[in-house]
Amino acid sequence: MTPEGFDTAAAEYARRLELPYFWEVMERSARALVNAYTLGGQHNLWRQAERVLAPPFSSTVDATAWSPSGWPGGRPRRSAARGC
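Because the structure is predicted, anything quoted here is derived from the model rather than measured.

**Some points on the overall build of the chain**
From N to C terminus, the chain includes three helices and zero strands. In sequence order, the chain lays out its α and β elements as α-α-α. In the chain, buried positions account for 6% of the 84 residues.

Spelled out as structure tokens, the structure:
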């Protein structure tokens, strides 16, 4: 992060602190994150992440090496054992 970017972010944070609804929004956002993280069953964030078919982002991967579907050699096969 550049010094200018840091200064911009700090100014934006200071501006948001002055908003009358800042702490209510922070509380609701934090609760939503905790609820989503601890949710059970098929809606669990980790189970949802397993079903994402997009390739992982990595700055070390040559983006031109990916096939049109986004995966080398086509889409990955789903595991029948997991029931996905």
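**Regarding the packing of aromatic side chains**
As enumerated under the stated definition, the model contains three aromatic pairs in all. Seen in terms of ring centroids, Y37 and W46 are 6.2 Å apart; in terms of plane orientation they differ by 80 degrees. Their pairing is edge-to-face. For W46, a relative accessible area of 55% puts it in the exposed group. Among the aromatic residues, ring-to-ring pairing joins Y13, F22 and W23 into one connected group.

**Section: the side chain of N44**
You can see N44 is positioned in the loop between α2 (22-38) and α3 (45-50). Relative accessible area serves as the criterion here: at 15%, N44 is assigned to the buried category. Within the structure, N44 has its side chain in polar contact with the backbone oxygen of L39 (distance 3.0 Å).

**Notes on a nonpolar patch on the surface**
Nonpolar side chains collect at one region of the surface, where Y13, L17, W23 and M26 lie side by side and expose about 450 Å² of accessible area between them. In this fold, L17 is placed in helix α1 (residues 3-17).

**Topic: the pattern of salt bridges**
One pass over the full model with this rule turns up four salt bridges. Between E24 and R28 there is a salt bridge, and its shortest N-O distance comes to 2.9 Å. Of this pair, E24 and R28 both sit in helix α2, four residues apart, which is roughly one turn of the helix. Given a relative accessible area of 42%, E24 falls into the partly exposed group. Residue classification places R28 among the exposed residues on the basis of a relative accessible area of 58%.

Rules and cut-offs
- Residues numbered from 1 in each chain as written.
- Predicted model: local features only at pLDDT ≥ 70, side-chain atom pairs only at ≥ 80, totals over all residues.
- Heavy atoms only, no water.
- Helix = DSSP H or I, 4+ residues; strand = E, 2+ residues; numbered from the N terminus.
- Buried < 20%, exposed > 50% of the residue type's maximum accessible area, 1.4 Å probe, protein only.
- Phe/Tyr/Trp six-rings, centres within 6.5 Å; stacked < 30°, edge-to-face > 60°.
- Polar contact = N/O pair within 3.5 Å; in protein donor to acceptor, adjacent residues only side chain to side chain.
- Patch = residues over 30% accessible without salt bridge, like charges linked within 9 Å, V, L, I, M, F, W, Y side chains within 5 Å.
- Areas by Shrake-Rupley, 256 points an atom, 1.4 Å probe, with all protein chains shown as cover.
- Salt bridge = Lys/Arg side-chain N within 4 Å of Asp/Glu carboxyl O.

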